[in-house]
Amino acid sequence: MTKPQTTTDACYPLLEMDLKKLRRNVEEVVNRCGAMGINVAGVIKGCNGLPEAAEQFKLGGCAQIATSRLEQIEDAKAYGIEGPFMLIRVPMLTEIPRMVQLANYSLHSERSVIDAADAECSRQGKKHKVVVMADLGDLREGFWDKEELFDVCLHIENDLNNLELAGVGTNLGCYGSVKPTPEKLSELVDIAERVEAAIGRKLEIISGGATSSFTLVHFGTMPKRINHLRIGENILLARDLQTDWGIKDMDYLAMDVYTLKAAVIEVKDKPSHPVGEIFMDAFGNFPTYTDRGIRRRALLALGKVDLADICRLLPRAEGIEVLGGSSDHTILDIEDNKDNIQVGDILEFDLNYTTMVFLTNSKSVTLKLIR
Ligand SMILES: *Cc1c(COP(=O)(O)O)cnc(C)c1O
């Protein structure tokens, strides 16, 4: 808990982002991957593509700056970051012209889109590199039919003059919750080697996934030929693997790049169960409430408008529990906290991926960069 120095000291909610800690995380991930012959595409979408963060990814040694949103590449370029840039959401047909203009690499899973990209490159007089995605069971993007994937790779290699087949890739642990394992990633290596045999050259990129695939780097079990990962969360937050996966010896990555500071606007003892006929909350839900008697509660000036999922906030102080809230309020149980929390106090929170994404996109949150 901190006390605001003066009333004009800062605008709350305040999101602090420590760029030095971010840079150390970038370097730890890049160096550990590098030792195994793996390049890292630094994925900036988790912090709304903040150019100052993208700069740390670049300075820390990422091979590409990657994001799902072209406007974030545009911002990074305008800020002066050189790239190369990688678009990691398979593109909309309508964004092909801007993709060719802004990105150097992109991921693909549709032949018609690849053909459109080639035609657009020809119009703009540009070359562009593509990574063809294989769906290995997570059931998001990628070719399910591997014969189709080989045909498309050969088509790019032999028929298209403006696109370069940079390689193949996969995505795991997103929609289908499929765990990256040495066996799964060996499937990708097999696909890559079949493509290489057909085109008679080595591929530049065999891209084995995102943060969840970093586990194989950490444990030293990555199949040898995987030479590329696209990593965001494990650099920006580094929480999924250490907390949700329960990996204990990853403390070389800082989990406190961000600090959210929010102001207390009410402190009172109140019943823990609502009083009256229980019906519906502000969002059309019918929640249940546990009666724990009279408890001390605090209200924060921070709500679902700012971060969607307030229950995922992680209070730094002991004895604070996030009960819920509404669009503009967060309700805390502070009965077990020993800090004598008062109106005007500022409480600190750690973030998870969802709260990071929303807070870095919210106009009503002040962002403070620590350099
Ligand atoms: C978001 C994304 C990533 C990065 O995921 P993290 O879990 O943040 O590391 C990598 N690849 C693709 C295709 C993505 O959409």
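Residues numbered from 1 in each chain as written. Predicted model: local features only at pLDDT ≥ 70, side-chain atom pairs only at ≥ 80, totals over all residues. Heavy atoms only, no water.

**Student:** In this structure, what is going on with the pairing of strand E6 (residues 128-134)? I would like to understand it.
**Tutor:** On a regular strand, one side chain projects to one face of the sheet and the next to the other, so that they alternate. Of all seven residues in E6, six are buried, a share of seventy percent or more. Note: strand E5 (residues 105-108) against E6, four bridges, orientation parallel. Looking at E6, one finds that Ser106 is bridged to Val130. Note on the crossover from E5 through helix H5 (residues 111-124) to E6: the handedness is right-handed. (Buried < 20%, exposed > 50% of the residue type's maximum accessible area, 1.4 Å probe, protein only. Helix = DSSP H or I, 4+ residues; strand = E, 2+ residues; numbered from the N terminus. Pairing = 2+ DSSP bridges. Right-handed = clockwise from strand over helix to strand, strands pointing away.)

**Student:** Please explain the pattern of salt bridges as it appears in this structure.
**Tutor:** Note on pairing: side chains with opposite charge can pair once their charged atoms come close. For the coordinates displayed, the defined rule picks out 25 salt bridges. A salt bridge links Arg201 to Glu157; the shortest N-O distance between them is 2.7 Å. Of this pair, Arg201 sits in the loop between helix H7 (182-199) and strand E8 (205-207) while Glu157 sits in helix H6 (residues 146-159); the two residues are 44 residues apart in sequence, bridging distant segments of the chain. Residue class for Glu157 comes out partly exposed when judged on its relative accessible area of 26%. Glu348 serves as the salt-bridge partner of Arg316, at 3.4 Å between the closest nitrogen and oxygen. Here Arg316, found in the loop between strand E12 (314-315) and strand E13 (321-325), pairs with Glu348, found in strand E15 (residues 346-350); they are 32 residues apart in sequence, far enough to count as distant. For Arg316, a relative accessible area of 32% gives the class partly exposed. By relative accessible area, which is 19% here, Glu348 ends up buried. Each of Glu16, Arg239, Lys261, Arg316, Glu348, Asp350 and Lys368 takes part in a single network of salt bridges with overlapping partners. (Salt bridge = Lys/Arg side-chain N within 4 Å of Asp/Glu carboxyl O.)

**Student:** What's the story with the site of the ligand in this structure? I'm lost.
**Tutor:** By nearness alone, 13 residues border the ligand, and Lys45, Thr211, Arg230, Gly232 and Glu233 come closest of all. A distance of 3.0 Å separates an oxygen atom of the ligand from a polar atom in the side chain of Arg140. Between the ligand and Thr211 there is a distance of 2.6 Å, counted from an oxygen atom to a side-chain nitrogen or oxygen. Its free accessible area being 390 Å², the ligand has 89% of it covered by the protein chains. Its residues assigned to classes, the shell around the ligand comprises five nonpolar, three polar and five charged. (Near = heavy atom within 4 Å. Polar contact = N/O pair within 3.5 Å; in protein donor to acceptor, adjacent residues only side chain to side chain. Areas by Shrake-Rupley, 256 points an atom, 1.4 Å probe, with all protein chains shown as cover. Nonpolar A, V, L, I, M, F, W, Y, C, P; charged D, E, K, R; others polar.)

**Student:** Looking at this structure, how should I read H7?
**Tutor:** Structural remark: α-helix, 3.6 residues per turn; residues separated by three or four positions point the same way. Here H7 contains 18 residues, and its C-alpha end-to-end distance of 25 Å stays within 8% of the 26 Å for a straight helix at 1.5 Å per residue. What H7 keeps buried is the set Lys184, Leu185, Leu188, Val189, Ile191, Ala192, Val195, Glu196 and Ile199. What you see down the axis of H7 is that its buried residues fit within an arc of 160°, all on one side. In this structure, H7 carries Glu183, Asp190 and Ala197 as exposed residues pointing more than 90 degrees from its buried face. Lining the buried residues of H7 we find E6, H6, strand E7 (163-170), E8 and helix H8 (214-218). Downstream of H7 by one or two residues, Gly200 has phi in the positive range, about 70°. (Expected span 1.5 Å × (residues − 1). Arc of directions from axis to C-beta. Contact = heavy atoms within 4.5 Å.)

**Student:** Can you walk me through the state of the cysteines in this structure?
**Tutor:** What makes a disulfide is a covalent bond joining the sulfur atoms belonging to two cysteines. Counted by the stated rule, this structure contains zero disulfides. Distance from the sulfur of Cys33, which forms no disulfide, to the nearest cysteine sulfur (Cys62) is 9.2 Å. Judged by relative accessible area, Cys33 falls into the buried class, the value being 0%. Free cysteine Cys47: the closest other cysteine sulfur is in Cys62, separated by 12 Å. (Disulfide = S-S within 2.5 Å.)

**Student:** What is the right way to read a negative patch on the surface from this model?
**Tutor:** Negative charge collects at one region of the surface, where Glu110, Asp145, Glu148 and Asp151 lie side by side. Here Asp151 shows up in helix H6. (Patch = residues over 30% accessible without salt bridge, like charges linked within 9 Å, V, L, I, M, F, W, Y side chains within 5 Å. Lys, Arg positive; Asp, Glu negative; His and termini not counted. Charge placed at Lys NZ, Arg CZ, Asp CG, Glu CD.)

**Student:** Sorry, what's going on with the pairing of strand E1 (residues 14-18) here?
**Tutor:** Along E1, five of the five residues are buried, which leaves the element largely enclosed by surrounding structure. Side chains Leu14, Glu16 and Asp18 project from E1 onto one buried face, and the interleaved Leu15 and Met17 project onto a second face that is buried too. In this sheet, strand E10 (residues 258-271) lies alongside E1 in antiparallel orientation, the contact comprising four bridges. Following the sheet pairing, Leu14 is matched in E10 by Lys261. Judged from the five bridges that link them, E1 and strand E16 (residues 366-370) form a sheet pairing that is parallel. Bridge pairing links Leu14 to Thr366 in E16.

By themselves, these figures tell us nothing about what the structure is for.
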